[in-house]
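# Structural overview
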Amino acid sequence: MADSPATPPNSPACRKCAFVFEAGMTFERCPNCGTPTQAPPEEPGRVILPRLTSLPLPGTPIGSIRKTPANATLAGFFVPPTLVGDRPPSERSDAATAPTSRPPASPLPEPGSGEDDLPAPVSTTRPFTLPRITVPPRSTVPAVIDSRDLENSAELDLPHLSEMSQITSRAVSRSDDVDVDLADIKAETRELPTQPDAPLPPPRPQLQSRRATVVLTPPTPEPGALAYAGLVGLFAALVGSFWFYYSRAQEVSLVVGSYAAKVLSDPAAIRERDERLATLFDDDSMESYLAAMAVAEQTEDPLGRAEAALRIHLRYGPDPVRAAQAKSWLSANFPRDDLRAARIRALAAIADNDPALAQRLLATGAEPGVALYRGLLALAAGNHAAAADYASEAMSLRPGDQAARWLMFATELAKDRRSTLDALRDAADRQPHRPALELLLVDALIARGRLTEARKRLEAQVREPGVSDMHQARVLVRHAQVAAASVEVSRSVYLADEAIKLAPRDPEVVHGSLRVLIGADELARAQQGLTARLREAPDDLAAQILQAELALRASNESAALKAIEKLAAETPTLIESTFLRGRLALLTGHTDAAVEHFKDAAKAEPPHIRAAVEYARLRPNGDTLSLLEDLEERRGRDPTESARADLRALALARANALVEQGRRDAAVEVLDTALARDCDDNAAQLRRGVLVVDTPRSDAGRVDLLAVHERTGGFAGLLGPLSRLYIRSGELRALEALVQPHLSDVRAPDEVVLAIARLRLAQAAVEAAESMTDQILLRSPDSWEGHLLKAKVLLERGEPGLAQGELRLSRPPQPQADVELVAGKIAERSGRLQDALPAYRRAHQLAPTLHEAGYLYGRALLLLGRAQEAVTELSAVTRATDAFPAAFVALGQAQFERGNFEEARRQLQRAVALAPGLTEAHYWLGRCEHDLQLDAEAAVSLGRAVRGAAPGTAWLPDAHLWLARAAEAHGDVATSRTAYEEFLRLAPAAAPGRREAERALARLVRAP
């Protein structure tokens, strides 16, 4: 800057390249770069945008951006736009003292500084003029729009589709459309004069709109003959389809047109219409209700349409759309003495959950429908006797009334939990087109625990046309509940999600689905749905209870406390809040406080059954048993279906408390009583089977477990004991079929994964079993069954030391026979037979039917030289089962040790018959036969033993020696010589039979 030539302050120069003009000369364009040298004259009404010299515009090259001076300020950086005509004359561009190029305060750029290459953006050097926009009046085309043809209110602002199909569009330009083109502006800028007194540039041409405006004009051409023919054909097709549809439904055979006017005035026609509607209502199917709506619409009968819509809402709903339609049809003024209108308004009150109004409206009616609606009210109020009477009355007035028949079935099921399902099942099978009967049967099956039949019936159901989404969502909730009870976790989660998607605002659907998600440990997903529900209905007490339970399940103490405090403020949920406080105290480790809360809730009125169950679990003493017995007696006086779940929970709690006290037989008696009262109690039968399966009543326990599996197809807590039972008896195919539905379930609970791991271990798939066991221990580190199975896997891999460490981590709440059995096996594999003996004995005492423990205990006694005791234990095992051929071998060996060769031979023959590949049995059988001087038989048995034995077997050298002796005694010199040679090859140098074998070989070589 210091070396550049000095220039006068107001010397004219190019505003782009700073080229200095010669004094006294006027240039229209810069001789150096060609940039116009004078800004255009200002016009009033134009907005002047200031030049931002320190900010680059979009598209400016990075290398040409000027650097902001260090002393730049915000005031000098931005200049607000001004309106031409408002500035003083001294600041206008047309003033005599105004510069023509650069302001005086701006220094000239340095030569070679790089600023010569900076393009001058037109948008910053020329004021931008917005033309005045004027909107000419527009003509509108009136259109008659029928709101009934619209799907939503947004279509009210659009031309009707039918009118749009009869108009054409014509594109014209509009003066209020502005399209700015920078290229045009730049071109105009280059032609601006350089002197203030130069003539103004020619006016800008008017910018034409590039957008087409749609103008509605009626069509001019007339339709041709083909169009008329097409319309006639379409009309004929519609008439034909109309006739085909209504010919299939004979109920809707009314004459359209003048019949409506006739019905409104002719009493006989009115009676005929009412009879037709009543006949359709008697069918109680979705198809008949839709036909009734069509009949009522044809006869212009709003009451009939309202009644049909309300019946659909109540029987195949909820259906908010039809309920709203019914309210609109009932909004008309009807005479006060119109009993039909009162009856249908009472039905609307039932749909609105207003029983008082419905009862008042039905007080004076005498029509057949009145008895049915009174019965529905009585059933909802729990007055089963009155509901049964009303159902009988309705059926006597109209014997074909299927809704009254449904009411009779529902009343019988609700008032007596011991009622049979045969009549309802027969009716549902004979009338499959009435889903109401089918769903009533499904609900009864689910309540009684017959999940297999409920699942089959739900899967066979097909959604009827016209059924609402809420109704279908409630069906899906039943599907999800059955799947959850059957331990099909992933399937239950999927069905619950689908139900919520169909009916996200139905409380019954949302509550049922959320309980399924919470039970499946999908806590995040359940919290999302619960938050949405509470946002929509903050006063929903059931949702608030779910919020507390979800927080407790997630161990969120603060959220649980907040939800419980909110519940405690409401009277209906006061007892429930007490129970939840107990669960919160238990979560925080305050067991005594939890016991007090549970006790208070259990002794409240009405008593809280779940609190009583938790109280019995924490304090299984005599006082608790007395409380449970008292509650069970009180609830047992109630014969209705509502008492079933409470009685089942109380009986199971009593049995568990007795087991905790060591009174197993008393617990079995309690369960026997419970099953005599309710033969479908899956939990009681499962618990009884588990308690007796390891006792002398093991066959009865097996029957119980299989009965629960047959009735449910899968039940929580069943897969563990049943899989162990199948493993003990060697029924691997049955176990494979049992776990087959759960093999691909990624959300399968621990008991299912453990059952699959047991199966894989029994199938010698050690790696697969270990992988599943590690999966269990990863998500449940305190699983004693997981550690036990891990110890079994390590023992199978030949690592007894690591197996011992895993077994120490297996701490079941009560002594388990399987734990003692594995402990004995580990001790025996480690060479500590004396330690294995007491472990086997404890396992056999804990589970007398665990025959593997009895066999191992008897064999350990035999190895320790206690043959007589071994005979006693092994005889008990062989009399009980044939599943352990090795037990017959050990028993034969024990009898052989005691000198009972005949009995030993008989037991060993049984072992060979059960397991022909058991080489040890052939060896000991040959020994017995040789001692009985049956040398030919002994040679055959010993020959099978040496041929089938694996190399390195401990008794293989001795088998060759005894084979040589038996063959020599039998006269088979070649076999004897070969056997002696094999014995000398295999036997150690200090073997006691080597000298005998050498002498025998020398003798046999000399033999002819």
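Keep in mind the model is a prediction, meaning the values are calculated, not measured.

Our next topic: the overall build of the protein. When helices and strands are tallied, the protein shows 49 helices and four strands. Burial status across the protein gives 43% buried among its 1008 residues. Within the protein, residue pairs in contact and separated by at least 24 positions form 56% of the contacts whose partners lie at least 6 positions apart. Within the structure as shown, the protein displays about 53700 Å² of accessible surface, and the carbon and sulfur contribution to it stands at 55%.

Helix length check: helix α11 (residues 339–351) (13 residues) gives 18 Å between terminal C-alpha atoms against 18 Å at 1.5 Å per residue, within 8%. Burial analysis of α11 places 10 of its 13 residues in the buried class, the great majority of the element. Among all positions in α11, only R340, A341, A342, R343, I344, A346, L347, A348, A349 and I350 are buried. Next to the buried residues of α11 lie α7 (267–283), α9 (302–315), α10 (320–330), α12 (355–361) and α13 (368–381). Positive backbone phi, at 60°, marks N353, one or two positions downstream of α11.

This part is about the packing of helix α21 (residues 507–519) against helix α22 (residues 523–536). α22 packs onto α21 with a crossing angle of 160° between their chain directions and a minimal axis gap of 9 Å. As summarised for this structure, α21 and α22 are arranged roughly antiparallel, according to the angle between their axes. Once α21 is placed against α22, the crossing between them reads as left-handed. Across the interface between the two elements, P507, V510, H511, L514, L517 and I518 of α21 pack against L523, R525, A526, G529, L530 and R533 of α22. Broken down by class, the residue content of the contact of α21 with α22 amounts to eight nonpolar, two polar and two charged.

Within the element layout of this structure, T411 appears in helix α15 (residues 402–415). Looking at T411, the relative accessible area reads 0%, which means it is buried. Look past the residues within four positions of T411 in its chain and what remains in contact with it is L379, H384, A387 and A388.

Relative to the assigned elements, H970 resides in helix α47 (residues 956–970). H970 sits 31 residues away from A939 along the chain, and the two C-alpha atoms are 8.0 Å apart. Not counting residues within four places of it along the chain, the set of residues in contact with H970 comprises D935 and A936.

It is worth spelling out the pattern of salt bridges at this point. Inspection of the entire model under this criterion finds 74 salt bridges. For R533, the salt bridge goes to D540, with nearest N and O atoms at 2.9 Å. Among the residues examined, R533 registers a relative accessible area of 9% and is labelled buried. Residue classification places D540 among the buried residues on the basis of a relative accessible area of 11%.

A few words on the packing of α7 against helix α8 (residues 286–298). For any two helices packed against each other, the geometry is given by the interaxial angle and the distance between the axes. Relative to each other, α7 and α8 sit at 165°, their axes nearing to 8 Å. With respect to each other, α7 and α8 are oriented roughly antiparallel. Both α7 and α8 take part in a crossing whose hand is left-handed. Along its contact with α7, which presents L277, L280, F281 and D283, the element α8 presents S288, Y289, A291, A292, V295 and A296. Class assignment of the residues belonging to the contact of α7 with α8 gives a composition of eight nonpolar, one polar and one charged.

The next point concerns unusual backbone geometry. Here G317 and P318 are connected by a cis peptide whose omega angle stands at 5°. Assignment of secondary structure puts P318 in the loop between α9 and α10. Each neighbour pair has its own omega, and for E605 with P606 the value is 0°, a cis peptide bond. Look at N353: it is not a glycine, yet its phi comes out positive at around 60°. As for its placement among the helices and strands, N353 is situated in the loop between α11 and α12. In this structure N353 comes out as exposed when scored by relative accessible area, which is 68%.

Okay, the side chain of E488 next. Note that E488 resides in the loop between α19 (469–485) and α20 (489–502). Setting aside anything within four residues of it in sequence, one finds E488 in contact with R455, A483, H742 and D745.

Structurally, S288 can be placed in helix α8. In this structure S288 comes out as buried when scored by relative accessible area, which is 4%. With 11 residues separating them in the primary sequence, S288 and L277 have C-alpha atoms 9.2 Å apart. The contacts of S288, once residues within four sequence positions are left out, are L280 and D283.

Here we come to the packing of aromatic side chains. If you walk through the whole model with that rule in mind, you get eight aromatic pairs. Here F281 and Y289 contribute two aromatic rings whose centre-to-centre distance is 6.0 Å and whose plane-to-plane angle is 50°, an arrangement assigned as tilted. You'll find F281 and Y289 in the same group, each marked buried. Considering the side-chain rings of Y923 and W924, the 5.1 Å spacing of their centres and the 65° angle between planes classify their relative orientation as edge-to-face. Just as Y923 is buried, W924 falls in that class too. Joined through ring pairs, the aromatic side chains of F896, F901, Y923, W924 and W955 make up one cluster. Across the ring face of W406, the terminal group of R315 is positioned such that the distance to the ring centre comes to 4.2 Å.

For helix α40 (residues 833–846), spanning 14 residues, the distance from its first C-alpha to its last is 20 Å, which sits close to the expected 20 Å at 1.5 Å a residue. The set of residues buried in α40 consists of L833, A836, L837, A839, Y840 and A843.

As a note on interpretation, predicted positions should not be read in detail where pLDDT is low. On average, the protein scores 79 in pLDDT, and the residues at 70 or more come to 76%. Under a pLDDT of 50 for its full length, residues 42–131 has, in the predicted model, 94 contacts with residues more than four places off or in other chains. Below pLDDT 50 for its whole length, residues 133–220 participates in 88 contacts with residues either more than four positions away or in separate chains.

Definitions and cut-offs
- Residues numbered from 1 in each chain as written.
- Predicted model: local features only at pLDDT ≥ 70, side-chain atom pairs only at ≥ 80, totals over all residues.
- Heavy atoms only, no water.
- Helix = DSSP H or I, 4+ residues; strand = E, 2+ residues; numbered from the N terminus.
- Buried < 20%, exposed > 50% of the residue type's maximum accessible area, 1.4 Å probe, protein only.
- Contact = heavy atoms within 4.5 Å.
- Areas by Shrake-Rupley, 256 points an atom, 1.4 Å probe, with all protein chains shown as cover.
- Expected span 1.5 Å × (residues − 1).
- Axes fitted to C-alpha atoms, helices over the stretch in contact; angles between N-to-C directions.
- Parallel < 35°, antiparallel > 145°, perpendicular 65-115°, else oblique.
- Left-handed = near helix turned anticlockwise from the far one by under 90°.
- Nonpolar A, V, L, I, M, F, W, Y, C, P; charged D, E, K, R; others polar.
- Salt bridge = Lys/Arg side-chain N within 4 Å of Asp/Glu carboxyl O.
- Phe/Tyr/Trp six-rings, centres within 6.5 Å; stacked < 30°, edge-to-face > 60°.
- Lys NZ or Arg CZ within 6 Å of the ring centre and 35° of its normal.
- pLDDT = per-residue confidence, 0-100.

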